[in-house]
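# Secondary and tertiary structure notes
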Amino acid sequence: MATSWNGLSFIFSKESYMTLILILAVTILWLLWSVSSYFRYRNRLPVPPGNLGFPFIGQTVEFLLANGTTDGIRLWMQNKISKHGPIFKWRFLGYTMVMMDQPEGNKFVLQNEGTSNHIFWPFQICTLLGPESLLIQSGERHKLARLHINRFFDHTAISRYLHGVNLQAIRHFADHWQGKEQLVALDVINLYTLSIICNLLMSLEDGPLMDKFLAEFDIFTKGAFCLPINLPGFQYNKALKARKSLLEMLDGLLEQRRREIAEARVPEASQIDILQKWLTVPDEEGNLLPDSFIKDNLILLLLAGFDTSSRTLAMTIYYIARNPHVYEEIIQEHKSILEEKRTSGKDDRELTTEDICAMKYTWRVLQETLRLQPVLLGGHRKTVRDLEYKGYYIPEGWVLSWNNRDSNYSPKYFKDPLNFDPSRWEERSPPFTYLPFGGGSHICLGYEFAKTAMCTFIHHLVRSYSWSLVNPNYDGPFIRDPIARTLDKTSIIVKQL
Ligand code: HEM
């Protein structure tokens, strides 16, 4: 009884009134905040217009079908925009997506990365890439992972690789172009870009192992952009098997390299590759990277590093062949680079970073190819809190898409947008209208490496060969599987000069 009287005395005590007042104040504040956000967002602001379709599946199938060609996706976008306006919602594999307008929407998404949104990839891509892959990390984990990789791709590192890239280009043309009258350009360029990236990462030369990598990657990439049905016979199931096989190959390589390190007999060429550094150089805290990080990021770099550049090069060769004035101008640029080297007594088979910088027109041609046939049509970020954008309420957990699809083809930003005109790159495009290498904290890490490898390739091509298209009148459709290519993979007739 005494206890309950004591309890009663607490109920009427000064402390209890204070506690009650505090609880009441917090509750009122919470209620006010909830009511205000309810009115601020739900009553006053609508969510973006659009059709979510059936639960889970939404517009997944129609989008994947449209995604098969460049024009398909452009028409899909135009159709949605004409129905709902430039900002619209739709549903993909259970995710509620918001297609943002350009350029403001692109800016809104990419500049707020890390604060109101973070990277998003559908789960099948995350599974295929692996949990340690840089591409799917966010926040501090992403910063740290990017640090481990970026030091091999900055300007100084790239200038160290240039000699090797140049030698590989020379060897590539001798092995795969010399004496040929007709070629499927994309198939042979794949060998060049894959050998360059394999060499940089792990000193892997042309041969059966490289062929196996190429074959597995083909299956792997196709499976990343299709319906994630993990049943025998389906593309996604095949891609999962390809990942397993890639991991086994990498396990073998890591084991072999560790043996060589232990026996102090690492071949000279491998001393400078990225794998060697990851296996031997500790981070600031004295730790070596775990195998899971090494393997997931080798897969990412192989994937990001070869198909992207080979597709861009094959499309560039196509566009050059179709535009004689572009062809003439690019020949002149490389002639004058060679003449300058010869008159100043330099070795004209070597290339320096200054030579790459002098390839201004070549870079404009590549930029123009990437405008008409961007490697990625856009990217996605998931909101981490409720947002307000241009009068719309976008709830936490929705996926925002920045994109290259619409602005690249818009006459508002690019005069005669369907025209292949490299000279337009004498000036910059308006901010956030053209994002071939992405933006924000996930901006392409291999940008400079890709530029160097592609310019080096074009230099050797133009100085030693002339080419024309097997199908000169072909003007589309451009297949996306998942990156753009012509139907015949740029089949060309070649002549050695
Ligand atoms: C024509 C060539 C290339 C194009 C057009 C391209 C395009 C892109 C784009 C658009 C992204 C951003 C994805 C996003 O924000 O969601 C990206 C990211 C990335 N790229 Fe590239 N890329 C190219 C070549 C390369 C090469 C040669 C490498 C490496 C050897 C590379 C490595 C990467 C990596 C590691 C990322 C992820 C960066 C991160 O998540 O922090 N790329 N690339």
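Note that the structure is predicted; figures quoted are calculated from it, not measured. (Residues numbered from 1 in each chain as written. Predicted model: local features only at pLDDT ≥ 70, side-chain atom pairs only at ≥ 80, totals over all residues.)

### As for the overall build of the protein
Selection rule: By definition, any uninterrupted DSSP run of H or I lasting at least four residues is a helix, any uninterrupted run of E lasting at least two residues is a strand, and each is numbered from the N terminus. Each residue is classed by its C-beta neighbour count within 10 Å, where at least 20 other C-beta atoms makes it buried, 12 or fewer makes it exposed, and intermediate counts make it partly exposed; the C-beta atoms are placed from backbone geometry. Here, residue contact means that the backbone-derived C-beta atoms of the two residues sit within 7 Å.
Looking only at helices and strands, one finds 17 helices and 12 strands in the protein. Taking the principal axes of its C-alpha atoms as reference, the protein extends roughly 105 × 65 × 50 Å. Across the 497 residues of the protein, 36% fall into the buried class. Excluding contacts between residues fewer than 6 apart, the proportion of contacts in the protein whose partners are at least 24 apart in sequence is 72%.

### What to know about the nonpolar core
Just so we agree on the cut-off: We call a set of buried Ala, Val, Leu, Ile, Met, Phe, Trp, Tyr and Cys residues a nonpolar core when their C-beta atoms link them within 7 Å.
Counting residues in each nonpolar core, the largest one holds 97 residues, and the members touching the most others are Val-98, Ile-197, Leu-201 and Ile-317. If you tally residues by element for this core, the top one is helix H13 (residues 291–322), at 16 residues. Non-local contacts of Leu-201, meaning those with residues more than four positions away in its chain, are made with Asp-273, Ile-274, Leu-275, Leu-298, Leu-301 and Leu-302.

### Some thoughts on the packing of H13 against helix H17 (residues 447–464)
As a reminder of what qualifies: Lines fitted to the C-alpha atoms define the axes, with helices restricted to the stretch that makes contact. Angles between their N-to-C directions range from 0 to 180 degrees. Left-handed describes a crossing in which the near helix is turned anticlockwise from the far one by less than a right angle; the clockwise case is right-handed. Residue polarity follows a fixed list, in which Ala, Val, Leu, Ile, Met, Phe, Trp, Tyr, Cys and Pro are nonpolar, Asp, Glu, Lys and Arg are charged, and the others, Gly among them, are polar.
The geometry of H13 relative to H17 is characterised by a closest axis approach of 10 Å and an angle of 40° between their N-to-C directions. In the crossing of H13 with H17, the sense of the turn from one axis to the other is right-handed. Listed contacts from H17 to Thr-308, Ser-309, Thr-312 and Leu-313 of H13 are Ala-450, Ala-453, Met-454 and Phe-457. Its residues assigned to classes, the contact of H13 with H17 shows five nonpolar, three polar and no charged.

### With respect to the environment of Val-326
Along the chain, Val-326 turns up in helix H14 (residues 324–343). The buried category is assigned to Val-326, around which 21 C-beta atoms lie within 10 Å. Along the primary structure Val-326 and Ile-73 are separated by 253 residues, whereas in three dimensions their C-alpha atoms are 28 Å apart.

### Describing the site of the ligand
Rules: Near, as applied to residues and a molecule or strand, means the residue's backbone-placed C-beta atom lies within 6 Å of it.
For the ligand, the set of nearby residues contains 24 residues, the closest of which are Gly-305, Gly-379, Gly-438, Cys-444 and Gly-446. Those elements that provide at least two residues to the shell around the ligand are H13 and H17. The biggest single contributor to the shell around the ligand is H13, with seven residues. Tallied by class, residues from the shell around the ligand come to 15 nonpolar, eight polar and one charged.

### A word on the sheet that holds strand S4 (residues 182–184)
The condition is simple: What makes two strands pair is DSSP finding at least two bridges between them.
With respect to topology, three strands assemble into an open sheet ordered S4-S12-S9, the strand pairing being antiparallel. One side of each edge strand has no neighbouring strand; the edge strands of this open sheet are S4 and strand S9 (465–469). Across the sheet, the mean angle separating the axes of adjacent strands is 35° when strand polarity is ignored. Relative to strand S12 (residues 491–496), S9 is paired through five bridges, and the arrangement is antiparallel. When the bridges of S12 are listed, Ser-466 appears paired with Lys-495. Contacts between helix H9 (residues 185–202) and the sheet are confined to S4 and S12, with S4 contributing the most and set at about 70° to the helix.

### Comments concerning the UniProt feature "binding site: heme" (unreviewed entry) in the protein
Condition: UniProt positions are given in the numbering used here, feature names are shortened, and annotations may be inferred rather than shown by experiment.
Using the residue numbers shown here, the UniProt feature "binding site: heme" (unreviewed entry) corresponds to Cys-444. Mapped onto the elements of the fold, Cys-444 is located in the loop between strand S8 (399–403) and H17.

### Overview of the sheet that holds strand S1 (residues 88–92)
Within the open sheet, the five strands sit side by side as S1-S2-S8-S5-S3. Their pairing is mixed. The outermost strands of the open sheet, each flanked by one partner alone, are S1 and strand S3 (117–119). Across the sheet, the mean angle separating the axes of adjacent strands is 35° when strand polarity is ignored. Relative to S8, strand S5 (residues 378–383) runs antiparallel, the two being bridged by five bridges.

### Regarding unusual backbone geometry
Omega for the peptide link from Gln-102 to Pro-103 comes to 0°, which places this bond in the cis form. Mapping Pro-103 onto the fold places it in the loop between strand S2 (95–99) and helix H5 (104–111). Following Asp-481, the chain continues to Pro-482 via a peptide bond in cis, the omega torsion being -5°. Even without being glycine, Ala-264 reaches a positive phi, approximately 50°. Tracing the backbone shows Ala-264 in the loop between helix H11 (235–262) and helix H12 (274–280). Within the chain, Thr-490 stands out as a residue other than glycine whose phi angle is a positive 55°. Looking at the secondary structure, you find Thr-490 in the loop between strand S11 (484–485) and S12. By the C-beta count within 10 Å, which is 28 here, Thr-490 ends up buried.

### Observations concerning the pairing of S2
For S1 and S2, the ladder comprises five bridges, and the chain directions are antiparallel. Each bridged residue has a counterpart across the sheet, and for Phe-92 the counterpart in S2 is Tyr-95. The turn linking S1 back onto S2 is made up of two residues, and Leu-93 within it adopts a positive phi angle of 45°. Judged from the three bridges that link them, S2 and S8 form a sheet pairing that is parallel.

### Things to note about the pairing of S8
Strand residues, when the strand is regular, have side chains that alternate between the two faces of the sheet. Here S8 lies mainly inside the structure; five of its five residues are buried. Of the two faces of S8, the one lined by Val-399, Ser-401 and Asn-403 and the one lined by Leu-400 and Trp-402 are each fully buried.

### Digging into the packing of H14 against helix H16 (residues 360–372)
Remark: H14 packs on H16, axes separated minimally by 8 Å, with the N-to-C direction vectors making an angle of 145°. Two secondary-structure elements touch here, H14 through Val-326, Glu-329, Ile-330 and Glu-333 and H16 through Tyr-361, Thr-362 and Val-365.

### What to know about the environment of Ile-170
Structurally, Ile-170 can be placed in helix H8 (residues 155–176). Sequence separation between Ile-170 and Arg-424 is 254 residues; the distance between their C-alpha atoms is 31 Å. Excluding its chain neighbours within four sequence positions, the residues that come into contact with Ile-170 are Arg-349 and His-460.

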